[in-house]
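If you want the building blocks of each chain, they are given just below.
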Protein chains: 2
Amino acid sequence: MSTVTTPSTINGVNVEQLGANISAIQGNTELATFQFRATNTWINGGHNRTTIKEFYGVGQEDTTRTEPFVLDADEPPVLLGEDHGANPVEFVLHALASCLTTSMVYHAAAQGIKIDAVESHLEGDLDIRGFLGIAPDVRLGYKNLRVNFTVKSDAPAERLKELAKHSPVFDIISNPVPVAISVTTEGSN
Amino acid sequence: MSTVTTPSTINGVNVEQLGANISAIQGNTELATFQFRATNTWINGGHNRTTIKEFYGVGQEDTTRTEPFVLDADEPPVLLGEDHGANPVEFVLHALASCLTTSMVYHAAAQGIKIDAVESHLEGDLDIRGFLGIAPDVRLGYKNLRVNFTVKSDAPAERLKELAKHSPVFDIISNPVPVAISVTTEGSN
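Residues numbered from 1 in each chain as written. Chains lettered and ligands numbered in written order. Predicted model: local features only at pLDDT ≥ 70, side-chain atom pairs only at ≥ 80, totals over all residues. Heavy atoms only, no water.

**Q** Help me understand the overall build of chain A, please; the structure alone is not making it clear to me.
**A** Of the regular secondary structure elements, chain A holds five helices and 10 strands. The globule rule puts the C-alpha radius of gyration for 189 residues at 16 Å, and the 20 Å found for chain A is more than 25% above it. Counting the 189 residues in chain A, one finds 55% classified as buried. Across chain A, every contact between residues at least 6 apart in sequence was considered, and the portion connecting residues at least 24 apart equals 48%. A total accessible area of about 7600 Å² is found for chain A, and carbon and sulfur atoms account for 49% of it. Taking the average place of the 13 positive charges on the side chains of chain A and the average place of its 23 negative ones, the gap between the two points comes to 6 Å. (Helix = DSSP H or I, 4+ residues; strand = E, 2+ residues; numbered from the N terminus. Rg over C-alpha atoms; globule rule 2.2 N^0.38 Å. Buried < 20%, exposed > 50% of the residue type's maximum accessible area, 1.4 Å probe, protein only. Contact = heavy atoms within 4.5 Å. Areas by Shrake-Rupley, 256 points an atom, 1.4 Å probe, with all protein chains shown as cover. Lys, Arg positive; Asp, Glu negative; His and termini not counted. Charge placed at Lys NZ, Arg CZ, Asp CG, Glu CD.)

**Q** Before we go on, may I ask you to explain the environment of Val169(A) in this structure?
**A** As for its position among the elements, Val169(A) is in helix α5 (residues 168-174). Using a relative accessible area of 0% as the deciding quantity, one classes Val169(A) as buried. For the pair Val169(A) and Leu126(A), spaced 43 residues apart in sequence, the C-alpha to C-alpha distance is 19 Å. Apart from the residues lying within four places of it in its own chain, the contact partners of Val169(A) are Ala95(A), Leu96(A), Cys99(A), Pro88(B), Val89(B) and Val92(B).

**Q** I'm lost on the interface of chain B and chain A in this one. Help?
**A** Much of the literature gives interface size as the accessible area that the parts lose upon coming together. Contacts between chain B and chain A engage 132 residues on the former and 132 residues on the latter. Of the roughly 12100 Å² buried at the junction of chain B and chain A (both faces included), carbon and sulfur atoms supply 61%. Where chain B packs against chain A, one counts six salt bridges. Our enumeration of links across chain B and chain A arrives at 66 residue pairs in polar contact (both at pLDDT 80 or more). Broken down by class, the residue content of the side of chain B that touches chain A amounts to 64 nonpolar, 46 polar and 22 charged. Sheet analysis places strand β9 (residues 144-153) of chain A next to strand β10 (residues 179-186) of chain B, joined by eight bridges and oriented parallel. Counted as the bridge partner of Val151(A) is Thr185(B) from β10(B). (Buried area = accessible area lost by both parts, 1.4 Å probe. Salt bridge = Lys/Arg side-chain N within 4 Å of Asp/Glu carboxyl O. Polar contact = N/O pair within 3.5 Å; in protein donor to acceptor, adjacent residues only side chain to side chain. Nonpolar A, V, L, I, M, F, W, Y, C, P; charged D, E, K, R; others polar. Pairing = 2+ DSSP bridges.)

**Q** Which parts of the structure should I look at to understand the relation of the copies chain B and chain A?
**A** Each of the two chain copies can be brought onto the other by rotation about an axis and movement along it. Once chain B has been moved 0.0 Å along the axis and rotated by 180 degrees, it coincides with chain A to within an RMSD of 0.0 Å. The superposition of one copy onto the other is thereby described by a two-fold rotation axis. Interface overlap between copies is the fraction of interface residues in one copy that are interface residues in the other; for chain B against chain A it reaches 100%, indicating a shared surface. (Least-squares fit on C-alpha atoms with pLDDT ≥ 70 in both.)

**Q** Hey, could you run me through the nonpolar core in this one?
**A** Considering soluble globular proteins, one finds that nonpolar side chains tend to be buried as a cluster. With 118 residues, the main nonpolar core has Leu96(A), Tyr142(A), Leu96(B) and Tyr142(B) as its most contacted residues. Not counting chain neighbours up to four residues away, the residues in contact with Leu96(A) comprise Leu122(A), Leu145(A), Val147(A), Val169(A), Phe170(A), Ile173(A) and Val179(B). (Core = buried A, V, L, I, M, F, W, Y, C linked by side-chain atoms within 4.5 Å.)

**Q** In this structure, what is going on with unusual backbone geometry? I would like to understand it.
**A** Glycine aside, residues mostly have negative phi, and peptide bonds are mostly found in the trans state. Residues and elements named next belong to chain B. Despite not being glycine, Asn11 shows a phi value in the positive range, around 55 degrees. Of note, Asn11 is situated in the loop between β1 (9-10) and β2 (13-14). Under the relative-accessibility criterion, Asn11 is labelled buried at 9%. A positive phi angle, near 55 degrees, is found at Val58, a position not held by glycine. Within the fold, Val58 resides in the loop between β5 (55-57) and β6 (60-61).

**Q** Explanation requested: the side chain of Asn87(A) in the structure shown.
**A** With respect to the helices and strands, the residue Asn87(A) is situated in the loop between β7 (69-73) and α2 (88-110). By relative accessible area, Asn87(A) is classed as buried at 2%. Within the local environment of Asn87(A), its side chain forms a polar contact with the side chain of Glu75(A), the two groups lying 3.0 Å apart. For Asn87(A), the contacting residues outside a window of four places in its chain are Asp74(A), Glu75(A), Pro76(A), Leu79(A), Phe36(B) and Arg65(B).

Dropping the structure here:
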């Protein structure tokens, strides 16, 4: 990356800072270690709430966030909820869309590719017999996901697609991630 | 499931309706087919916005949601964003927490297990060298996820853990999901 020929901000991304961050990480790989965190509290039925604030990265605890992000999840009435928020599998679509978009935009910026607009439409197919436990051959989660992008850019579509595939959430969904679950109980009220 | 001995609502879940839904799906498996959808629009840099409203399920397009859920994602300053929202991999933690919780609560209700409170703390480890493309042996997404539940219930912890594992998002993250991406370009402004 040449800071001589590259403007400092492309697609809203400070590419000078991006280059500096990459150099710093190459000199000290510990700076690349991140830990993200969330706390969730059940409210009632399908309604629960997550707060997200602290994370560890670039060798330290973050101190820039003063307030947590608060996210409600629920189910629509047809899934016996009260629709206080999108449901968990809909949040997966948001995580995937936002990550693919940011990955495309950031990697385009790093390569000097200007992007003017990005929109995506996502669809996920799910057979609820898996969740209900009434069809052992039906998986619990999405069978398939489709993401259709429309991008305003002079770059070739195939190249933009490859840039998007740097997405961490694309990897998390496409490939297995080990999830360790522990449960501690306190007696009922 | 006996509607004679089961109260109609357990843990905020209408178990009579749940039983009726299961019976209906067993009589017509097409009712189990759901399609969830999202639309995302890039705003600037790491900031983008998802709207979620329509979905298909139980043999029809949903008509109960009158307004979309609007979700902003961004990156914190250390990842070159402006922190207008949680970041995409943090939304994965929310999706996982909310889905495991709802799965535990719904399946407990179906089995007549009363739950008084559920809280969970999640951590995900991510090495950002994967995203930056500077270490080919480092994966893009989470290396590991940990979910620690504290549950107020008289049921055994191991049983509650098994109920949570009916979660569709737990399956989506633990196992591969095929993701088809298409990109269409329009010329730059």
